[in-house]
Amino acid sequence: MRWLKITLHEHDVLVVGSGLAGLRVAIQLAKDFDVAILTKVHPLRSHSVAAQGGINASLGTGDSWEQHAFDTVKGSDYLADQDVVEILAKEAPRAIIENERWGTAFSRTEDGKIAQRPFGGAMFPRTCYAADRTGHNLLHTTFEQALRVGVKFYNEWFVTSLVRDGDHVCGLTAFDISTGDVHSFAGKAVVIATGGFGRVYSHSTNAVINTGDGCALAFRIGAPLKDMEFIQFHPTTLFGSSILMSEGARGEGGYLVNALGERFMDKYAPEKMELAPRDIVARAIKTEINEGRGIDDQYIHLDLRHLGKDKILERLPGIREISIYFAGVDPIDEPIPIRPGQHYSMGGIHCDKNGMTPIEGLYAVGEAACMSVHGANRLGGNSLLETLVFGRIVGQRIAEYLPNAQRPSSTCVEDEAFKIRHKLQEWLLKDKGENPSEIREVMGETMDRLVGVFRKESDLKAALTMIRELKERFKNVFAGHSDKRFNYSLIRILELENMLDLAESIAMGALMRRESRGAHWRLDYPERDDENFLKHSLFTKVEDYVKTEIIPVNLGMFDVKERTY
Amino acid sequence: MKLRVARSREGGEITHYDLYKIETKKGMTVLDALFQIQDKMDPSLSFRYSCRGAVCGSCSMLINKEPRLACRTQLSEVQKEDMKLKIFPTLSDIPQGWNPEQEILIEPLPNMPILKDLVVDMSRFYDALVSMELWVDSIEGDEYHLQSIEERKKIERYVNCILCAICYGSCPVNAINQEYIGPAALAKAFRFSEDSRVTNSSRYIEAAKSAKGAPLCDLIMNCVKSCPKGVGPGGAIRQIKSR
């Protein structure tokens, strides 16, 4: 009867997620504390690996952290908390230097310095890169350093719940994917570093694994989510598979061209053209397609041909490889078919600039967190940066917290593990019910169609009704077979449960915010409304409903102005 | 289009093959087809996945007897492929009933223990990263290193490795000798030894020349032919051997 026993693990710190943010937190703590990372995939398979274009830092002569901060705040449509942005911009050079010294092979200039390319919304070429494989380089390097300092890894473990004891977190439950057994983990601190939740949408650049598990788990124990309506749609995703075509392609000089052969960005951002921020370029492309100037009414072209073969091979080899293998197009000879698609979650777990959530001992970092450093629209090159800068800072904060933290009671996590085991067992033993993949498809299609680049009240209400209907259907979901080992069907059900909660809060936030700001564009409220909505939105689970609130934005350094490019 | 997929519920060895009829769409990849099976026909099928964009290295498997990333392999292209690998038993043993004209054969990546269906135990592959200490022994400092474009170019192809283990699964030496570290770890060791910024480069070559490392390589070059990222570990191993 292997089901009877629950194994208990104890660590000082439990980090959920092994992308750049989670690894960086763990590296900070590994020397002095017992820190373990739980991850549903091997760390090298984390989505950080897919980041292409680069990472921002004001390294160049003539650039400054203040300019970086200003660009970030303006890019955010003034919704970013300026005290957090200040840290991001100030600490950026240190993060780059650290990772370079760890071995990241940044691309170089003629005089051997780290090369920097122009990126959307930035007034200076500030984006450091390793060809168009920057995330891959940073992730492999940072993982190597995590191995060096002896971080303990639970690879291919799926975290099923967080456990709260009064006002503080005491651990979590997780199952070992290779056995299917549920274990309990006690810890003084838990860090959520599970990345974004792009797979709530059907057309997303995100890895299949980006289902926002950590955000949903934190939400379920009462941690508020923040700014969930702000979803970034990347302007250039490959038509068909929605694989990312880096902003670096435009940074290197690529054109966007409609079916009439026009470089249309002059109508939307006459000064910055293709290098306007992502929200503006995504709306421009969507408008071209909606008004009949798309190719086959479905996509437009990203044209790199004028850059020439050498530049494409040197700076954009990954883009070329993806175009060839996934679209049958060699960008040296032909333009790339692209359209906007979900790319990044500006919202996430509500926390302060040290990653602290309102629940003692529970921290959040990286895309899963909302500190908020990106506000209503993230600039390209700032998300890799966020993971490394705030990974270190959150680690430092936890190091200060641990000596005074309460030792968690093991019974607290064990009871929860029994409950989770029972829940999983019920799914596995059911012999009929709703097909989870059908629910997932309807959810994704609903979010694409009704909570996309352009939004309006009737659509958002319809989306919310549909999501709630899907949540009802989900109650009767079944896994289809009862194998315990490597049961990916079970994993996808747990992910779907998480995504449905997040989809609901995204739609609620989009409905509640009756203005247009950054990535959130309301056709029925096309103006920014600072008087009523220069505010963060908060979503808190209270028993069986979601409580919504608005809280102030931390301003201070830069005045709130109209945003033009 | 049909997929004939190797199954192993308890792990260890392939117990049987299941045949699935795929509803194909333009541009569909092998990974898309596996998801269709899992979603619509058989949720018990296990395989690893993550990025679906050929950069995370999760979905390495044997496709028509050639090791490939499932996400980067178009269904329509499979029959045309021919890596011209040197054959070893896992690559040459043809399962009964396979009709290559009408079916794509999907099996787990060779040379690693099967855990379930297409999921293999990669511990030996990953363990080399730690046993060979394949990282930079970094010293803290306030400035980054300068590196010329030419110096970076020397390591670029090795830096592009995604550790998907396709080289390991294609290697006839790995097929007969479990001790062999395999091509990827050796290429990674070479990457550090060649990095102009690394001061103690000899330690990586020493680790690569250990008894379980480069001396076991017979320079068969299946790793070079199968690598989806053009890393070409065989070239690095040849250079390690000459030092």
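Residues numbered from 1 in each chain as written. Chains lettered and ligands numbered in written order. Predicted model: local features only at pLDDT ≥ 70, side-chain atom pairs only at ≥ 80, totals over all residues.

Within chain B one finds 10 helices and 7 strands. Computed over the C-alpha atoms, the radius of gyration of chain B is 19 Å, within 12% of the 18 Å expected from 2.2 N^0.38 for a compact globule of 243 residues. Overall, chain B is about 55 × 35 × 30 Å in size when its C-alpha atoms are taken along their principal axes. Each of the 243 residues in chain B was classed as buried or not, and the buried ones make up 52%. Taking the contacts inside chain B whose residues are at least 6 apart along the sequence as the reference set, 65% of them involve residues at least 24 apart. (Helix = DSSP H or I, 4+ residues; strand = E, 2+ residues; numbered from the N terminus. Rg over C-alpha atoms; globule rule 2.2 N^0.38 Å. Buried ≥ 20, exposed ≤ 12 C-beta atoms within 10 Å, placed from the backbone. Contact = placed C-beta atoms within 7 Å.)

Before going further, it helps to examine the nonpolar core. Among the nonpolar cores identified, the biggest contains 256 residues, and A26, V191, I349 and A507 of chain A together with L186 of chain B are the most heavily contacted of them. Broken down by element, this core gets its largest block of residues, 14 residues, from helix 14 (residues 488-512) of chain A. In contact with A507 of chain A, other than residues within four places in its own chain, are V451, L460, A463, L464 and I467 of chain A. (Core = buried A, V, L, I, M, F, W, Y, C linked by C-beta atoms within 7 Å.)

Residues and elements named next belong to chain A. In space, the 5 strands of this open sheet follow the order 17-15-10-20-21, with mixed pairing throughout. Strands with a single pairing partner mark the edges of an open sheet, and in this sheet they are strand 17 (369-370) and strand 21 (545-552). Pairing geometry for strand 15 (residues 348-350) and strand 17, over 2 bridges, is parallel. From the neighbouring strand, I349 faces strand 17, where its bridge partner is A369. Docked against the sheet, helix 5 (residues 213-220) engages strand 10 (225-226), strand 15 and strand 20 (535-542), running at close to 35 degrees with respect to strand 15. (Pairing = 2+ DSSP bridges. Axes fitted to C-alpha atoms, helices over the stretch in contact; angles between N-to-C directions.)

Residue and element names in this part refer to chain B. When its domains are assigned, chain B resolves into domain 1 (2-120) and domain 2 (123-241). In this assembly, 19 residues from domain 1 lie in contact with 19 residues from domain 2. A per-element tally of the side of domain 1 that touches domain 2 places strand 4 (residues 66-69) first, with 3 residues. Here the side of domain 1 that touches domain 2 is built from residues that sort into 11 nonpolar, 4 polar and 4 charged. (Domains from an automatic or database assignment. Nonpolar A, V, L, I, M, F, W, Y, C, P; charged D, E, K, R; others polar.)

Listed per partner, the contact involves 44 residues of chain B and 42 residues of chain A. Where the side of chain B that touches chain A is concerned, the elements lending two or more residues are helix 1 (30-41), strand 6 (114-116), helix 3 (123-131) and helix 4 (149-159) of chain B. The element contributing the most residues to the side of chain B that touches chain A is helix 4 of chain B, with 5 residues.

Attention now goes to the pairing of strand 1 (residues 2-7) of chain B. Residue and element names in this part refer to chain B. Relative to strand 2 (residues 16-21), strand 1 runs antiparallel, the two sharing 6 bridges. Note that in strand 2 the partner of A6 across the bridge is Y17. Of the strand pairs in this sheet, strand 1 and strand 5 (residues 103-107) are connected by 4 bridges, and their pairing is parallel. Considered in strand 5, the bridge of V5 is made with I106.

Here the focus is the packing of helix 12 (residues 436-450) of chain A against helix 13 (residues 457-474) of chain A. All names here are of chain A. Helix 13 packs onto helix 12 with a crossing angle of 170 degrees between their chain directions and a minimal axis gap of 10 Å. If you check the angle between helix 12 and helix 13, you find them roughly antiparallel. Where helix 12 approaches helix 13, its residues I439, V442, M443, T446, M447 and L450 are matched on the opposing element by D459, L460, A462, A463, M466, I467, L470, R473 and F474. When the residues that make up the contact of helix 12 with helix 13 are grouped by side-chain class, the tally is 12 nonpolar, 1 polar and 2 charged. (Parallel < 35°, antiparallel > 145°, perpendicular 65-115°, else oblique.)

Note: predicted coordinates in regions of low pLDDT should not be interpreted at a detailed level. Confidence along chain B averages 96 in pLDDT terms, with 100% of residues attaining 70 or more. For this predicted complex, the interface score ipTM comes out at 0.98, alongside a pTM of 0.97. (pLDDT = per-residue confidence, 0-100.)

Residue and element names in this part refer to chain A. The domains assigned to chain A are domain 1 (237-340) and domain 2 (418-535). Of note, the centres of domain 1 and domain 2, computed from C-alpha atoms alone, are 30 Å apart. With 5 residues of domain 1 at the interface, the matching set in domain 2 holds 5 residues.

With that settled, the discussion passes to the environment of V13 of chain A. All names here are of chain A. Topologically, V13 is positioned in strand 1 (residues 7-16). On the basis of neighbour count, V13 is assigned to the buried category, with 27 C-beta atoms found within 10 Å. Once the C-alpha coordinates of V13 and A462 are considered, the two residues, 449 residues apart in sequence, prove to be 42 Å apart. When residues no more than four places from it in sequence are discounted, the contact partners of V13 are L29, F33, V35, G187, K188, A189, V191 and I398.

We now examine helix 9 (residues 317-327) of chain A. All names here are of chain A. Across the 11 residues of helix 9, 9 count as buried, placing the element largely inside the fold. Buried within helix 9 we find G318, I319, R320, E321, I322, S323, Y325, F326 and A327. Looking at the buried side of helix 9, the elements it contacts are strand 11 (231-238), helix 6 (248-251), helix 8 (309-315) and strand 14 (336-345). Positive backbone phi, at 65 degrees, marks G328, one or two positions downstream of helix 9.

The next point concerns the sheet that holds strand 3 (residues 60-63) of chain B. Residue and element names in this part refer to chain B. In spatial order, the strands read 2-1-5-3-4; together these 5 strands make up an open sheet with mixed pairing. Across the chains shown, the open sheet's two edge strands, defined by having one partner strand only, are strand 2 and strand 4. With direction set aside, neighbouring strand axes in the sheet form an average angle of 35 degrees.

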